[in-house]
Amino acid sequence: MSDIHLDETMTTATNASPGELLHQQRERLNVPLTDAARALNLRPAVVEGLERDHYDEIPVAAYRRGYLRAYAKYLGMDERLVLEAYTSRFAAADTERKIAPVSVARPPSRVGAWLFKLVTLLVIVGLIGVTVMWWQSRGGSEPPSMGAAPTEEERSQLAGAENDAAPALPDTPVSAPAPSDAAQQSAADVAASEPAPVAPSQAAIEAATTIAALSAEASEASAADANTLEITFNEQSWTEIFDATNQRVFVGLQTPGTTATVEGEPPFRLTIGNATGVALIYQGETIDLAQRAGANNVARFTLGE
């Protein structure tokens, strides 16, 4: 008879769910639910969910198994029996939800990138200013020409000397003297001394083009920030994010000290575990996750509507 009773007990334990096993053992020991929750350092709602096989408040499978193992030890049960019952009923669902953690690289500092662009812009503006000052100084302080035109007195003396040197021809009309080489040289020097028209320098054109490109990049960066989430995981957290196209853009169990940049089309639907240990920045503003966290420190909300 004892063998038959033992077989029936084993069959009942095998067919029972992990929550039923825990509930039956707690009732058998006459332990109040609140005392069990206090001993496990869990909220009564979480312990009750374990007994009813409701794991909505425990989205991470590893946490579920840990809680079940700790509860079984507290009740003096064989933890393997409870875990085997959980595996037989919920292993398939856990396999579907199990996703490899996203490999996240620490992005370069945005402050450093913008600082570099600002310094570059200042250098370009300085080059433009130096170029303009150089052209102005070149056109305003041109040195006087060495071959200046002769004065009126010098021209009279030169004409008198030529008349004295020429032979007298009373009946032959005297032709006008040809311009001398000195006069021709003076006219050429005067033409050369006139400032040439100033053309815009190639450096100024390139500087204006660079400024326009930087302005375009700044506009694109501002537009990209509207579709970007900056997440810093100060503590371990399981996070899942969907964008407006219902595409999962981020998911996985993140380790402390990890930073992630998530891009997508807003609005975003977020589920963040251990919300108080996560920092979220959207469009330059810090989102208060502690205010959005639920009873078990899991934040579920929509952002960017």
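From a predicted model like this one, the values you see are computed outputs, not experimental measurements.

A. Just the overall build of the protein chain, in detail. Across its full length, the protein chain carries eleven helices and eight strands. Put simply, the protein chain has 305 residues, and 27% of those count as buried. Counting contacts in the protein chain only where the partners sit at least 6 residues apart, residues at least 24 apart contribute 65% of the total. In the structure as shown, the protein chain presents an accessible area of about 20100 Å², 57% of it carried by carbon and sulfur atoms.

B. Highlighting the packing of helix α4 (residues 44–51) against helix α5 (residues 61–74). The geometry of α4 relative to α5 is characterised by a closest axis approach of 11 Å and an angle of 90° between their N-to-C directions. In terms of their interaxial angle, α4 and α5 are classed as roughly perpendicular. Only Y67, L68 and Y71 of α5 make contact with α4, whose side of the interface consists of V46, V47, L50 and E51.

C. Geometry of α4. Within α4 the residues assigned to the buried category are V46, V47, G49, L50 and E51. Check the buried side of α4 and you find it contacts α2 (18–29), α3 (33–40) and α5. Just downstream of α4 lies D53, where phi reads positive at about 60°.

D. Region of the structure containing the side chain of R64. Position of R64 among the secondary structure elements: in helix α5. Reaching out from R64, the side chain makes a polar contact with the side chain of Y86 at a distance of 3.4 Å.

E. Fine view of the packing of α3 against α5. Relative orientation of the contacting elements α3 and α5 amounts to 115°, with a least axis distance of 11 Å. In the packing of α3 onto α5, the handedness of the crossing is right-handed. Only A70, Y71 and Y74 of α5 make contact with α3, whose side of the interface consists of D35, A36, A39 and L40. Considered class by class, the residues forming the contact of α3 with α5 number six nonpolar, no polar and one charged.

F. Representation of the nonpolar core within the structure. In terms of nonpolar packing, the biggest core is built from 22 residues, with L22, V47, L50, L68, Y71, M77 and V82 touching the most fellow members. Where this core is concerned, the elements lending two or more residues are α2, α3, α4, α5 and α6 (79–97). Of all the elements, α6 adds the most residues to this core, at four residues. Contact partners of V47, with chain neighbours within four places excluded, come to L33, A37, L40, L42 and Y71.

G. Geometry of unusual backbone geometry. In this structure, the amide linkage connecting P266 to the following residue, P267, adopts the cis form with an omega of 5°. Considering the arrangement of structural elements, one finds P267 in the loop between β4 (258–263) and β5 (268–273). Even without glycine at this site, N274 takes up a positive phi of about 50°. Secondary-structure assignment places N274 in the loop between β5 and β6 (278–282). A relative accessible area of 25% means that N274 is categorised as partly exposed. Positive phi is not limited to glycine here, since Q283 has a value of about 55°. Along the chain, Q283 falls in the loop between β6 and β7 (285–287). For Q283, a relative accessible area of 47% translates into the label partly exposed.

H. Molecular detail of the packing of aromatic side chains. Here the structure, examined in full by the defined rule, presents six aromatic pairs. For the ring pair F268 and Y282, a centre distance of 6.2 Å and an interplane angle of 80° mean the geometry is edge-to-face. On the criterion of sequence distance, the pair formed by F268 in strand β5 and Y282 in strand β6 is long-range, its members being 14 residues apart. With relative accessibility at 0%, the residue F268 sits in the buried group. Clustering of aromatic rings is evident, with ring pairs tying together Y55, Y86 and F90. Just above the ring of W114 sits the side chain of K117; from NZ or CZ to the centre is 4.7 Å. In this structure, R292 packs its charged tip against the face of F301, placed 4.6 Å from the ring centre.

About the thresholds
Residues numbered from 1 in each chain as written. Predicted model: local features only at pLDDT ≥ 70, side-chain atom pairs only at ≥ 80, totals over all residues. Heavy atoms only, no water. Helix = DSSP H or I, 4+ residues; strand = E, 2+ residues; numbered from the N terminus. Buried < 20%, exposed > 50% of the residue type's maximum accessible area, 1.4 Å probe, protein only. Contact = heavy atoms within 4.5 Å. Areas by Shrake-Rupley, 256 points an atom, 1.4 Å probe, with all protein chains shown as cover. Axes fitted to C-alpha atoms, helices over the stretch in contact; angles between N-to-C directions. Parallel < 35°, antiparallel > 145°, perpendicular 65-115°, else oblique. Polar contact = N/O pair within 3.5 Å; in protein donor to acceptor, adjacent residues only side chain to side chain. Left-handed = near helix turned anticlockwise from the far one by under 90°. Nonpolar A, V, L, I, M, F, W, Y, C, P; charged D, E, K, R; others polar. Core = buried A, V, L, I, M, F, W, Y, C linked by side-chain atoms within 4.5 Å. Phe/Tyr/Trp six-rings, centres within 6.5 Å; stacked < 30°, edge-to-face > 60°. Lys NZ or Arg CZ within 6 Å of the ring centre and 35° of its normal.

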